[in-house]
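# Survey of secondary and tertiary structure
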Amino acid sequence: MLNETSVVRAEDGNVYPYPVWQKLMSTGKYGLKTRGTKTEDGAAEYLIYELSEAQKLAYFEKMPKPKPSVSFKEGDDFKGFKATDINGNKFDLRQSTGKIIVLNFWFINCPPCRQEIPQLNELVAMYKDNPNVVFLAIATDEKYDLQKFMKTTPYDYHVVDNGRYFASKYSVTLYPTHAVIDKNGKIKFSTVGLASNTIHWIKKSIDESLATN
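These lines cover the structure that appears in this document, whether it is placed above or below. (Residues numbered from 1 in each chain as written. Predicted model: local features only at pLDDT ≥ 70, side-chain atom pairs only at ≥ 80, totals over all residues. Heavy atoms only, no water.)

## A word on the state of the cysteines
- In this structure the tally under the stated criterion is one disulfide.
- The disulfide that involves C110 links it to C113, with 2.3 Å between the sulfurs. A torsion of 75 degrees about the S-S bond marks the disulfide between C110 and C113 as right-handed.
- On the basis of relative accessibility, which here comes to 4%, the residue C110 falls in the buried class.
- When its relative accessible area of 1% is taken as the criterion, C113 is described as buried. (Disulfide = S-S within 2.5 Å. Buried < 20%, exposed > 50% of the residue type's maximum accessible area, 1.4 Å probe, protein only.)

And the structure:
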């Protein structure tokens, strides 16, 4: 069984420290397999390699669906809200507007929240030319702290500061919490925590919502 003492090598033969290969594996973009070599102590060595798009899709689909959020039950009507992000952009989500809303409830000192930001930024980039997909991150932190944090960790969602009111409104107590609301104002998908296939399911839900009339 793989653990902190396992020897995991890159394709060039370099050994990855445990925190490094664990972080890579958590993205769902990499696989592990036996390398066919052994350490001086006789322990098996492993190879970490990047999965193809087909391999990633098969891997994600085979995994259990991420744990749903009790705050956003799939199929329910989304009871929207008005909010302003830290850059002054205003959003009114109280009525269905034909747009797909992608929500993330998070806070700075939440390790899995920080860990998934690079993947969430990649997701935003995929839909940057589609005005019908809106990404909103509801942070419980104050505006000053968010601006300081984002100087070193850019986050491409529209970030709403001081979102404790919204978290309380929807009884969000687990972080991160994600929800995708379709064009008809129905909750398409939700999840709590961070799984390897979380981003896959967010993207899948966006694409399925875009495909519907």
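## Let's talk about the sheet that holds strand 1 (residues 7-9)
- With mixed pairing, the four strands of this open sheet are ordered in space as 2-1-4-3. Bordering the open sheet on either side are strand 2 (15-16) and strand 3 (30-38), each of which pairs with just one other strand.
- Looking at chain direction, strand 1 and strand 4 (residues 44-50) are connected through three bridges and run parallel. By the bridge assignment for strand 4, V8 is matched with Y46. (Pairing = 2+ DSSP bridges. Helix = DSSP H or I, 4+ residues; strand = E, 2+ residues; numbered from the N terminus.)

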